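What follows is the residue order along each chain.
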Amino acid sequence: MSILVVGSVAFDTLETPHGKRERVQGGAAFHFAMAASFFTDVRVVGVVGEDFLPEHEETLKKRGVDTTGIEHAEGKSFHWAGSYMKSLSEAETLATDLNVFGSFAPKIPASYLDSDYLFLANIDPVLQLQVRKQMPDVKLVAGDTMNYWIADHRANLEKVLAELDVLLINDGEARMLAGENNLLKAARKVMEMGPKSLVVKHGEYGATAFFCDRSFTGVSHITLPFRAPAMPLDEVVDPTGAGDCFAGGFYGYIASQPELTPAVFRKALFYGGVMGSYAVESFGTERLHTLTRDDIEQRFRTLQEISHLELEA
Ligand code: AMP
């Protein structure tokens, strides 16, 4: 099974209590693809500028990611600058330079048209929608967004939400999108906007899934949510991309399974937690370059252990 992901492919300038890095490879689609590549075939649609060199493309290719859909345009790649000096749980955006993304019109390569799963990673909702329209026959559509688009691109974002089977956002974004502080009420409001299920990420506290889809839960409204833990870590070096790597692990695992059942959805939340936890152990995606499937399974088992309740003492 293969996932087509559209989203930002970027250079990030990052500042955390562990140091400062200039122009490391980043972007929502980049982080997502790196993480999902441990589970399934991944194809990327995005645009980069002249500063994106063969060695940068090689980072993805080494993980087996198909980069045919990354367009090379004149100008500079998307650049994001963020700081975690005030809080490791929330990035302070210092700069968002859309650059080549400002005039990007996504084109799906013919070889991508048979993709089974679509992931609309964080980028302008107009672009997410253009890709969705070109892929009408996919099995499942999941997506992400962020405060930047929720605040100022609301109308377009709502059109994307109406298309989603799964929306993955963090809890602050869920509350902002719903205009509601209570998480359960916010989840309900967000799902009324269209997504059939919702995964709310709580950073170091895990993630909660909400369902209202008849096809994989047998109910048409919100049932009791399911919560998965996050891996307690000694040290968080750089939280950038944790959410995208969570999404990559979550969706990559789903795409690797023959059928999406409630059990698969729940396990996927754990794999999301595993990939998110590895992502934050170093700057950019560095940790993922040496990661193995065994490391992933080992941490999956740890997460399983720390959240298991034995009913008979
Ligand atoms: P995360 O930490 O998982 O929320 O994602 C961080 C990544 O999102 C960084 O690598 C940035 O390049 C990318 N990013 C930041 N702002 C935007 C934006 N407005 N649109 C698309 N991607 C963004």
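Residue positions within a chain follow its written sequence, with the count starting from 1. With the structure being a predicted model, the display of local features is reserved for residues of pLDDT at least 70 and the display and counting of side-chain atom pairs for 80 or more, all residues being used for whole-chain, interface and lining totals. Side-chain figures throughout are based on the complete set of non-hydrogen atoms in the structure, without hydrogens or water.

Time to look at the sheet that holds strand S3 (residues 19-26). Read from one edge of the open sheet, 4 strands run S3-S2-S6-S7, paired in mixed fashion. At either margin of the open sheet sits one strand with a lone partner, and together these are S3 and strand S7 (92-97). Looking at each pair of strands side by side, their axes are set apart by 15° on average, direction ignored. By the bridge criterion, 6 bridges tie strand S2 (residues 10-16) to strand S6 (residues 78-83) in an arrangement that is parallel. When DSSP finds at least two bridges between two strands, those strands are taken to pair. By definition, any uninterrupted DSSP run of H or I lasting at least four residues is a helix, any uninterrupted run of E lasting at least two residues is a strand, and each is numbered from the N terminus. Axis angles are defined between N-to-C directions and span 0 to 180 degrees, where every axis is a line fitted to C-alpha atoms and, for a helix, only to the segment in contact.

Turning our attention to the site of the ligand. Residues in close proximity to the ligand total 19 residues, the closest being Ser8, Asp12, Gly27, Gly241 and Asp244. Ser8 is positioned such that a nitrogen or oxygen atom in its side chain is 2.8 Å from a nitrogen atom of the ligand. Throughout this description, a polar contact denotes any pair of N or O atoms lying within 3.5 Å of each other; where both atoms belong to protein, one of them has to be capable of donating a hydrogen while the other can accept it, and for residues adjacent in sequence the pair is counted only when both atoms sit in side chains. At 3.3 Å, a side-chain N or O of Trp149 approaches a nitrogen atom of the ligand. With residues, only the protein chains shown are counted as cover, and all accessible areas are computed by Shrake-Rupley using a 1.4 Å probe. When the free accessible area of the ligand is taken as 510 Å², the share hidden by the protein chains comes to 88%. Of all the secondary-structure elements, those providing two or more residues to the shell around the ligand are S2, S6, helix H4 (147-152) and helix H9 (242-256). Whether a residue is near a molecule or strand depends on its heavy atoms: if one lies within 4 Å, it is near.

This next bit is on the nonpolar core. Counting residues in hydrophobic clusters, the biggest one holds 59 residues, and the most contacted among them are Phe119, Val199, Phe250 and Met275. Among the elements that line this core, the one with the most residues is helix H10 (residues 262-279), at 10 residues. The contact rule is simple, with two residues in contact once any of their heavy atoms fall within 4.5 Å. Those residues in contact with Met275, other than ones at most four positions away along the chain, are Ala35, Phe38, Phe39, Cys245, Gly249, Leu288, Leu291 and Ile296. The term nonpolar core refers to a set of buried residues drawn from Ala, Val, Leu, Ile, Met, Phe, Trp, Tyr and Cys, joined through side-chain atoms within 4.5 Å. For each residue, the accessible area found with a 1.4 Å probe, counting protein chains only, is set against the maximum for its type, and the residue is called buried under 20%, exposed over 50%, and partly exposed in between. Ranked by size, the runner-up nonpolar core spans 45 residues in total, among them Tyr84, Leu118, Leu127 and Leu177.

Turning our attention to the packing of aromatic side chains. The geometry of an aromatic ring pair is captured by two quantities: the separation of the ring centres and the angle between the planes. Only Phe, Tyr and Trp rings take part, Trp by its six-membered ring, and two of them pair if their centres are within 6.5 Å. Stacked means planes under 30 degrees apart, edge-to-face means over 60, and tilted covers everything else. Per the counting criterion, the structure on display carries 16 aromatic pairs. Where Phe211 meets Phe265, the ring centres are 4.8 Å apart and the plane angle is 75°; that geometry is what we call edge-to-face. Pair noted here: Phe211 is in strand S12 (residues 207-211) and Phe265 is in helix H10, with a separation of 54 residues, a long-range link. With 5.2 Å between their ring centres and 75° between their planes, Phe250 and Phe265 make a pair best called edge-to-face. With Phe250 in helix H9 and Phe265 in helix H10, the pair connects residues that are 15 residues apart, well separated along the chain. A residue is classified by how much of its surface remains accessible, and Phe250, at 0% relative accessible area, is buried. An aromatic cluster is defined as three or more aromatic residues linked by ring pairs; in this entry it consists of Phe39, Phe226, Tyr253, Phe270, Tyr271 and Phe300. In this scheme, Lys NZ or Arg CZ marks a charge over a ring once it lies within 6 Å of the ring centre and within 35 degrees of the ring normal. Taking NZ or CZ as reference, Arg63 lies 3.6 Å from the ring centre of Phe38, over its face. Over the aromatic face of Tyr278 sits the side chain of Arg299, whose NZ or CZ is 3.9 Å from the ring centroid.

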